[in-house]
Amino acid sequence: TRRSSDLNTGWWANVWNTYSDERFQKLFHISRGTFLFILGHIRHDLLRDTVCEEHISPDCRFAICLYRLARGDYLYTIPEMAGVGVSTVCTIVHEVSESIINNLWRDSVIAHFPSDEARFKEKMLDTEQLWQFPCAWASIDGCHLPLNCPAGGLEACKEYYNFRNCYSIILM
């Protein structure tokens, strides 16, 4: 069990204050400007009133969630880095993800969906002209979720071994 004195408040301060913009973007897969934009929309959901323990600031909570999603690290490496418990990281990732969906989904996703058949066809034509990919109007990207070597020997585990030299499944 971690004590509040174990919280490594220096990790996030070090990242924010010393990392170059390029290093920050490589670590989190978003720019500082995008980080601040998203944080501005979700900060109110991430604020916590704590009485008997040192709180984790909204920006640190967002950074922990982004680190988990962008890097795909195992859940035990983030607690060691940030000085929080594994269950705390799980809770943070859940709460931050839920807040992003609740506060940004409509303006960032739904607003870009075609509203009628004409718009749908226009987007399909744009996709074909820009990317030479016919019959599509949007695309999604994947995220590697690390996992332990699956049972079943070489035949089973080669399906899950990726270019990062670890086992994972792809989340779309």
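Our structure's up above, just so we're on the same page.
Let me sum up the structure you'll find in this document. Note that this is a predicted model, so its numbers are computed, not measured.

Side note on the pattern of salt bridges
A complete count under the given rule lists five salt bridges for this structure. The partner of Arg32 in a salt bridge is Asp21, and the shortest N-O contact between them spans 2.8 Å. Taken together, the residues span a long stretch of sequence, with Arg32 in helix α3 (residues 32-46) and Asp21 in helix α2 (residues 21-28) at a distance of eleven residues. Glu122 is the salt-bridge partner of Arg119, the closest N and O atoms lying 2.8 Å from each other. With Arg119 and Glu122 both in helix α7 (residues 117-131) and three residues apart, this pair spans about one turn of that helix. It is possible to trace a salt-bridge network through shared partners that takes in Arg48, Arg61 and Glu95.

Description of a nonpolar patch on the surface
Together, Ile101, Trp105, Ile110 and Phe113 give the surface a local cluster of nonpolar side chains, amounting to about 400 Å² of exposed area. Here Ile110 is to be found in the loop between α6 (86-108) and α7. Here Ile110 falls in the partly exposed class, since its relative accessible area comes to 42%.

A few points about the packing of aromatic side chains
The geometry of an aromatic ring pair is captured by the separation of the ring centres together with the interplanar angle, meaning the angle of the planes. In this structure the tally under the stated criterion is 14 aromatic pairs. Both rings, one in Trp12 and one in Phe24, keep their centres 6.4 Å apart while their planes meet at 55°; by these two values the pair is tilted. In this pair, Trp12 is assigned in helix α1 (residues 9-18) and Phe24 in helix α2, connecting sequence segments twelve residues apart. Neither Trp12 nor Phe24 differs from the other in exposure class; each is buried. Centroid distance Phe24 to Phe35: 5.7 Å. Interplanar angle 85°. Geometry classified as edge-to-face. Pair noted here: Phe24 is in helix α2 and Phe35 is in helix α3, with a separation of eleven residues, a long-range link. Phe35 carries the same exposure label as Phe24, and that label is buried. For Arg23, the ring lying beneath its charged end belongs to Tyr19, and the centroid distance is 3.8 Å.

Calculation rules
- Residues numbered from 1 in each chain as written.
- Predicted model: local features only at pLDDT ≥ 70, side-chain atom pairs only at ≥ 80, totals over all residues.
- Heavy atoms only, no water.
- Salt bridge = Lys/Arg side-chain N within 4 Å of Asp/Glu carboxyl O.
- Helix = DSSP H or I, 4+ residues; strand = E, 2+ residues; numbered from the N terminus.
- Patch = residues over 30% accessible without salt bridge, like charges linked within 9 Å, V, L, I, M, F, W, Y side chains within 5 Å.
- Areas by Shrake-Rupley, 256 points an atom, 1.4 Å probe, with all protein chains shown as cover.
- Buried < 20%, exposed > 50% of the residue type's maximum accessible area, 1.4 Å probe, protein only.
- Phe/Tyr/Trp six-rings, centres within 6.5 Å; stacked < 30°, edge-to-face > 60°.
- Lys NZ or Arg CZ within 6 Å of the ring centre and 35° of its normal.

Fair warning: the whole summary comes from geometry, so function is off the table for now.
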